[in-house]
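Observations on the model geometry
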Amino acid sequence: MDFITNILSAINGVVWGVPMLVGILGIGLFMQFRLGFLPIRKLGTGFKLLFEKNDKRGEGQISPFNALMTALSATIGTGNIAGVATAVVLGGPGALFWMWMTALVGMATKYSEAVLAVRFREVDKYGNYVGGPMYYIKNGLGKNWVWLGTVFAIFGSFAGFGIGNTVQANSVADVLESNFGISTTITAIVLVILVGAVLIGGIKRIADVAGKLVPIMTVGYFGAGIVVLALNVTAIPDAIVLIVKSAFTPVAAQGGFAGAAVWAAIRFGVARGVFSNEAGLGSAPIAHATAKTQNPVRQGLIAMLGTFIDTIIVCSVTGLTIVITGQWLTGQSGATLTAASFSIAIPGGNYIVAIALAIFAFTTILGWSFYGEKCVQYLFGPKAIMPFRIAWLIALPVGATQSLEFVWLLADTLNAMMAIPNLIALALLSPVVYRLTRDHIKDVNADRIELDKETHSVSKKEAEAE
């Protein structure tokens, strides 16, 4: 086992090396520049579209809001609590800065993914909408690139059992046992029952559950974090200065902190940022492809909010709390470090983190079950859905009751392997994203001009009547 772990560690070092970081940041920057920083400029428009009441949204299965909540259910998880803490421990406070940068460029990546997912989605024989990287590779790049879509689907199928299943189940079981004394066996049984009950209903039930749980858990955790930051408001400026400074200069060893070079800050900041918000990974567009929408661009503007909410809002609360309270110097790591940081500031803070982590991980299991299901369906057809769901449920108690250091490593590696075919597709299909965006802007401007003309005409007639 040690031999396999060493080989996997070596592979992990390669796939998360310079080429991957350049690829993730490079594609995001390229799309931001090509789109004229539209994802950042139109952030407000994205929120407006998210809450817009529109009975004529277009074809699809679930509302744009629930599509985003489904995507967020998979992204807001252990990465926001344990992942941020691990990044700071391994890369220093500067890792948080690189998480922010990954999110800002990742908004363009997530926008592009959703635009392509809606543009090239399909309808299966049961009338369900299916899409994602494997479909925009097949339908957008042509038959000569079908193999690349297959590669993504294979990696996505296996990665789901790591990042979206066993790792999450293990996190839930561990946090409930350490904070509330609940047996891992009981947690495993409850997880199987709850997840099974939701999976029976497919994407619509997953979306309904996500649409209710995700906003509540996000606002609750964010609210607790705001209380912590408010109680330490005078320390925030120094913390931000430390984060920015540490992003470009090495941090010396002190207390329980082993020290970190600039490269470590960049590597772990970007890696954990992607692990958290999944921009460039290719998972979220699988959910956005099911949205009822009038055109791809509208859903793209909504999809990019996921990266902003996940990293700029939720991860920032975790990271700032860890830095401000000084707990990053204690030698602790993961969810334990985040829990300790919250406990320093508010009584029972560890319980808040424990409950948040349990709910975050549960919804991640639901979101990733859909992603894995669609990857398997792409490979073997709709008949493979039920066997996949059974395997998904069987994996939960394994994850909840076993030590998962190896699975964490495997999940991290498979994440990168998923990103490779998706980033290639985004680069090759970037002209399509640009053209669809340009045409949409022209249509919006034309409608605005027409509306202005109508308004002017009505005003003129009213004036004449007077």
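Above this text sits the structure in question.
What counts and what doesn't
Residues numbered from 1 in each chain as written. Predicted model: local features only at pLDDT ≥ 70, side-chain atom pairs only at ≥ 80, totals over all residues. Heavy atoms only, no water. Patch = residues over 30% accessible without salt bridge, like charges linked within 9 Å, V, L, I, M, F, W, Y side chains within 5 Å. Areas by Shrake-Rupley, 256 points an atom, 1.4 Å probe, with all protein chains shown as cover. Salt bridge = Lys/Arg side-chain N within 4 Å of Asp/Glu carboxyl O. Helix = DSSP H or I, 4+ residues; strand = E, 2+ residues; numbered from the N terminus. Buried < 20%, exposed > 50% of the residue type's maximum accessible area, 1.4 Å probe, protein only. Expected span 1.5 Å × (residues − 1).

With that out of the way, let us pick up a nonpolar patch on the surface. A cluster of nonpolar side chains, contributed by F180, I182, I186, V190, L194, Y351 and I355, occupies part of the molecular surface with about 590 Å² of accessible area. Elements that contribute at least two residues to the nonpolar patch include exactly α10 (184–199) and α17 (349–380). Among the elements that line the nonpolar patch, the one with the most residues is α10, at 3 residues. Secondary-structure assignment places I182 in the loop between α9 (146–180) and α10. Residue classification places I182 among the partly exposed residues on the basis of a relative accessible area of 31%.

As a further point, take unusual backbone geometry. With a phi close to 55°, F37 is a non-glycine residue in the positive phi region. Relative to the helices and strands, F37 resides in the loop between α2 (18–34) and α3 (38–41). Its identity is not glycine, yet E278 carries a phi of approximately 60°, on the positive side. Positionally, E278 belongs in the loop between α13 (262–277) and α14 (284–288). Of the residues examined, E278 reaches a relative accessible area of 1% and is grouped as buried.

Attention shifts here to α17. For α17, spanning 32 residues, the distance from its first C-alpha to its last is 46 Å, which sits close to the expected 46 Å at 1.5 Å a residue. Most of α17 is tucked away, with 25 of its 32 residues classed as buried. Positioned one or two residues after α17, G381 has a phi angle of 90°, which is positive.

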